[in-house]
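Read off the chains here:
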Amino acid sequence: MKVLHLDSNHPLLIKQLNALGFTNHEDYKASKSEIEAKISEYDGMIIRSRFSIDKAFLDAATNLKFIGRVGAGLENIDCDYAKKKDIHLISAPEGNRNAVGEHALGMLLSLFNKLNKADREVRQGQWLREENRGLELDGKTIGLIGYGNMGKAFAKKLKGFDVEVLCHDIKTGVGDANAKQVILEELKAKVDVLSLHTPQTALTLNMVNSEFINGFKKPFWLINTARGKSVVTEDIVSALKSGQLLGAGLDVLEYEKSSFENLFSSNTIPEAFQYLIESENVLLSPHVAGWTVESNIKLAQTIVDKIKAKFC
């Protein structure tokens, strides 16, 4: 089987596929149209997020048997159409779930203890202790929306704290020893912290908006290590201003991909995003929650293992 790699990944992926007898070709620079013109030559394809895989591309992929996406989600692939064409879809949420869980916990503890603010002030010669008095996680209620690989990993990290962990998911029976599954109304009534662990779907697009936020019984903190387009930035800014949101840790933004850098180079930063940049109770990172040295290896190994299990 011939496999085309469209994004660079850990070298073990190609090395192990070679050992299994696959022929591996790499093309990290050609345009989508150029790839589309030759994809019929290949049985398999490995991609991260270089471009979307739509119906036209899949129609051109006349011999494609699998697509391996080195990441957690498959939203950049027309999954329904791929399945109709009997193309096996492989993702690797097991590979970076631990990294996401640790990142979410790190963001939460940093926000509660004002670590970024305090660090910046000390570097500027300011020794402000009372202004940087923190909060303790113990005694709080943490709510997780989405309780798959990522949500379960975060709940496992929280087990070492004296907290109540609630989860809500469209699937039933996913709760476990680390999180009690509840209906959304109960979660909204109880939580001090809300953490998102959902894929990007029609249900989650713009999910966290003003109506959603104002449905919570008490002010809360928001952590998003899932998908940027699940959150309406203008609405969370309004909630931060009103005090309904106490703070936010955002690893993902609705302004992501190629347009993000353009915001700064062209001086077209949206007013809502400018507010986030200037807020001391907001922590931002560039979609790296699942991006660790270890997860780079685990993601690649997960893809290899799944290909091996299906085709060898």
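Quick note: structure is the one above.
Let me sum up the structure you'll find in this document.

Analysis parameters
- Residues numbered from 1 in each chain as written.
- Predicted model: local features only at pLDDT ≥ 70, side-chain atom pairs only at ≥ 80, totals over all residues.
- Heavy atoms only, no water.
- Helix = DSSP H or I, 4+ residues; strand = E, 2+ residues; numbered from the N terminus.
- Rg over C-alpha atoms; globule rule 2.2 N^0.38 Å.
- Buried < 20%, exposed > 50% of the residue type's maximum accessible area, 1.4 Å probe, protein only.
- Contact = heavy atoms within 4.5 Å.
- Areas by Shrake-Rupley, 256 points an atom, 1.4 Å probe, with all protein chains shown as cover.
- Lys, Arg positive; Asp, Glu negative; His and termini not counted.
- Charge placed at Lys NZ, Arg CZ, Asp CG, Glu CD.
- Expected span 1.5 Å × (residues − 1).
- Phe/Tyr/Trp six-rings, centres within 6.5 Å; stacked < 30°, edge-to-face > 60°.
- Lys NZ or Arg CZ within 6 Å of the ring centre and 35° of its normal.
- Pairing = 2+ DSSP bridges.
- Axes fitted to C-alpha atoms, helices over the stretch in contact; angles between N-to-C directions.
- Parallel < 35°, antiparallel > 145°, perpendicular 65-115°, else oblique.
- Left-handed = near helix turned anticlockwise from the far one by under 90°.

**Some words on the overall build of the protein**
Then step 1. For the protein, the count of helices and strands is 13 helices and 12 strands.
Then step 2. Relative to the globule expectation of 20 Å for 312 residues, the C-alpha radius of gyration of the protein, 21 Å, shows essentially globular dimensions.
Then step 3. Within the protein, the fraction of its 312 residues that count as buried is 46%.
Then step 4. A sequence separation of at least 24 residues applies to 60% of the contacts in the protein between residues at least 6 apart.
Then step 5. When the accessible surface of the protein is totalled, it reaches about 15600 Å², and 51% of it is carbon and sulfur.
Then step 6. The centroid of the 39 positive side-chain charges in the protein is displaced by 5 Å from the centroid of its 40 negative side-chain charges.

**With respect to unusual backbone geometry**
Then step 1. Despite not being glycine, D86 shows a phi value in the positive range, around 60 degrees.
Then step 2. With respect to the helices and strands, D86 occurs in the loop between helix 4 (79-84) and strand 5 (88-90).
Then step 3. Of the residues examined, D86 reaches a relative accessible area of 66% and is grouped as exposed.
Then step 4. Its identity as a non-glycine residue notwithstanding, H287 has a phi of 55 degrees, on the positive side.
Then step 5. Topologically, H287 is positioned in the loop between strand 12 (282-284) and helix 13 (293-311).

**Notes on helix 13**
Then step 1. Under the 1.5 Å per step criterion, the end-to-end length of helix 13 is 28 Å for 19 residues, consistent within 8% with the ideal 27 Å.
Then step 2. All buried positions along helix 13 are accounted for by S295, L299, A300, T302, I303, V304 and I307.
Then step 3. Contact partners of the buried residues in helix 13: helix 1 (12-19), strand 3 (44-47), strand 4 (66-69), strand 5 and helix 5 (93-112).

**Regarding the packing of aromatic side chains**
Then step 1. Throughout the structure, instances matching the rule amount to 6 aromatic pairs.
Then step 2. With a centroid separation of 5.1 Å and an interplanar angle of 55 degrees, the aromatic rings of F112 and W221 are classed as tilted. Of the two residues, F112 sits in helix 5 while W221 sits in strand 10 (residues 220-224), which places them 109 residues apart along the sequence.
Then step 3. Note on F112: relative accessible area 2%, which makes it buried.
Then step 4. Taking NZ or CZ as reference, K55 lies 5.5 Å from the ring centre of Y81, over its face.
Then step 5. Across the ring face of Y275, the terminal group of K241 is positioned such that the distance to the ring centre comes to 5.2 Å.

**Side note on the environment of N96**
Then step 1. Here N96 shows up in helix 5.
Then step 2. For the pair formed by N96 and A239, sequence separation is 143 residues and the distance between their alpha carbons is 31 Å.
Then step 3. In contact with N96, not counting residues within four places along its chain, are A72, M150, G290, S295 and L299.

**As for the sheet that holds strand 6 (residues 141-145)**
Then step 1. Here we have 7 strands laid out as an open sheet, ordered 8-7-6-9-10-11-12, and parallel in their pairing. With one partner strand each, in any of the chains shown, strand 8 (180-181) and strand 12 form the two edges of the open sheet.
Then step 2. Sheet analysis places strand 11 (residues 245-250) next to strand 12, joined by 3 bridges and oriented parallel. Bridging from a neighbouring strand, G249 pairs with L283 of strand 12.

**Section: the packing of helix 10 (residues 233-242) against helix 12 (residues 271-278)**
Then step 1. Contact geometry of helix 10 with helix 12 gives a least axis separation of 9 Å together with a crossing angle of 50 degrees. One way to sum up the angle between helix 10 and helix 12 is to call them oblique. Helix 12 is crossed by helix 10, and the crossing has left-handed handedness. Here helix 10 contributes T233, E234, I236, V237, L240 and K241 to the contact with helix 12, which in turn contributes A272, F273, Y275 and L276.

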